[in-house]
Amino acid sequence: MPAIALEAQDRSRDANFSKAMHGSTAKSGALSAMLGKDKKAHSAAVDEYFSFWDGKGAGQETAADMAERREKYATLTRQYYNLATDLYENAWGHSFHFCRFYEGEPFAQAIARHEHYLAHKMGITEGATVLDVGCGIGGPAREICRFTGANIVGLNNNDYQIERATHHSEVAGLGHKMKYVKGDFMQMDFPENTFDYVYAIEATVHAPSLEGIYGQIYKVLKPGGTFGVYEWLMSDEYDASNPEHRAICHGIEVGDGISNMVKISEALRAMKAVGFEIEFNEDLALRGDKVPWYYPIAGEVKYTRTLADVFTIFRMTRLGRAAAHKLIGLMEMVGIAPGGTQKTADHLAVAADALVAGAKLNLFTPMYLMVCKKPLNA
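All of these numbers come straight from a predicted model, not from anything done at the bench. (Residues numbered from 1 in each chain as written. Predicted model: local features only at pLDDT ≥ 70, side-chain atom pairs only at ≥ 80, totals over all residues. Heavy atoms only, no water.)

**Overview of the pairing of strand β3 (residues 178–182)**
And step 1. Only one face of β3 is buried: it carries M178, Y180 and K182, and the other face, with K179 and V181, is open.
And step 2. Sheet analysis places strand β2 (residues 151–156) next to β3, joined by 5 bridges and oriented parallel. Across the sheet, L155 pairs through a bridge with V181, a residue of β3.
And step 3. Taken together, β2, helix α8 (residues 159–171) and β3 constitute a β-α-β crossover, and its handedness is right-handed. (Buried < 20%, exposed > 50% of the residue type's maximum accessible area, 1.4 Å probe, protein only. Helix = DSSP H or I, 4+ residues; strand = E, 2+ residues; numbered from the N terminus. Pairing = 2+ DSSP bridges. Right-handed = clockwise from strand over helix to strand, strands pointing away.)

Okay, structure coming up:
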């Protein structure tokens, strides 16, 4: 497979932009953080992120458009999370991922169980050195740290998320067990054979090449170490030449900051190509659960079990979305919310619809689980 050109890193530029846009909001509450952005810097982030997508919808995008997104993968992802992080935290909590649900199970409990299950399947042990690739604001890392007693390093290319993750971990009393570092996961700075375990939860989908990111993980994992991942993938039934299929895939990409989605078969090929031994792989979305994993983003209130869940899920109903659209638009108009917040929120809603449509047609999964070993003689 041809090598992917890596985007040049400029950490000083990224840090300066993050400070300009987010200021000191990393230590604020989620809502006040969202409203406290510098409007000029926020507008610049909106312009840069949507320059990859505006006028380049499914059926309109060219090969050059798609190549540009892969070449600028780090910028695309960084600016996406500059815009979306506070919206995610306000709507979803500290763990930016999906999960399976049992009947009667509260949302927060199911999210935590999904994280525990990954740690269990990997066999993460107390005191182990663990890398979380694409750690977000550290929700899963904090939960896995509590569950296993491991020491966790979170890798992230977004300065604001690193600040927020550090703050939340200190508040949780876990600062001595966790640290968060800036870096591009396609070109990691860690020495070879550093970590006992590496995991990624719905994060490596942002890589322009799964073989590239899996190769980096293989490099920093100790021989005999374990890598576990919940991967976002299109199923092998996905046909890019089918307009409906491509529209669904494109909706996922634009609304979730993804340069290019790939199929399950490509993920398995990439994992083996870099040297991993696959010990377990399964699409957990196909287990036939009575409560579908996508019920929260489909706004299916009938599955909620707590008042907090009702509040979370209601926002994804037609009525909830319409109300949020008008409220955010009003807040922008009077200068409370920075310009572009409504546009970002609307694209998150487009992505939600595409995710649900992809799931119902068995074209997409957010939880293809792979647990792999780096050979002892590597």
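**Side note on the packing of helix α9 (residues 210–220) against helix α11 (residues 264–273)**
And step 1. At a closest axis distance of 9 Å, the pairing of α9 and α11 adopts a crossing angle of 40°. Looking at the two axes, α9 sits oblique to α11. α9 and α11 meet at a crossing whose hand is right-handed. Contact residues: α9 offers L210, E211 and Y214, while α11 offers A267, R269, A270, M271 and A273.
And step 2. Counted by class, the contact of α9 with α11 contains 6 nonpolar, no polar and 2 charged residues. (Axes fitted to C-alpha atoms, helices over the stretch in contact; angles between N-to-C directions. Parallel < 35°, antiparallel > 145°, perpendicular 65-115°, else oblique. Left-handed = near helix turned anticlockwise from the far one by under 90°. Contact = heavy atoms within 4.5 Å. Nonpolar A, V, L, I, M, F, W, Y, C, P; charged D, E, K, R; others polar.)

**Some details on the packing of aromatic side chains**
And step 1. Within this structure, the stated rule accounts for 21 aromatic pairs.
And step 2. Ring geometry for Y80 and Y88: centres 6.3 Å apart, planes at 65°, overall edge-to-face. Just as Y80 is buried, Y88 falls in that class too.
And step 3. Summarising the aromatic geometry, the rings of Y295 and Y303 are spaced 5.4 Å apart at their centres and angled 65° between planes, so their arrangement reads as edge-to-face.
And step 4. Classification of Y295 by relative accessible area gives buried; the value is 1%.
And step 5. Pairwise contacts between aromatic rings join W92, F98, F101, F107, W232, W293, Y294, Y295, Y303 and F364 into one cluster. (Phe/Tyr/Trp six-rings, centres within 6.5 Å; stacked < 30°, edge-to-face > 60°.)

**Section: the pairing of strand β4 (residues 195–201)**
And step 1. For β4, a buried count of 6 out of 7 residues is recorded, marking the element as mostly surrounded by other parts of the structure.
And step 2. Pairing analysis gives 3 bridges linking strand β1 (residues 129–133) to β4, with the strands arranged parallel. When the sheet's bridge partners are listed, L131 is paired in β4 with V198.
And step 3. For β4 and strand β5 (residues 221–234), the ladder comprises 6 bridges, and the chain directions are parallel.

**Quick notes on helix α14 (residues 318–333)**
And step 1. For α14, with 16 residues, the first-to-last C-alpha span of 23 Å sits near the 22 Å given by 1.5 Å per residue.
And step 2. Taken residue by residue, α14 has G320, I328 and M331 as its buried positions. The buried residues of α14 all sit within an arc of 60° when viewed along its axis, so they share a single face. Turned more than 90 degrees from where α14 packs its buried face, R318, L319, K326 and M333 sit exposed.
And step 3. Where α14 is buried, its residues touch α2 (30–35), α13 (307–314) and α15 (341–360). (Expected span 1.5 Å × (residues − 1). Arc of directions from axis to C-beta.)

**Thoughts on the environment of L319**
And step 1. Positionally, L319 belongs in helix α14.
And step 2. In sequence terms L319 and G299 are 20 residues apart; their C-alpha atoms lie 9.6 Å from each other.

Purely geometric numbers; function is a separate question.
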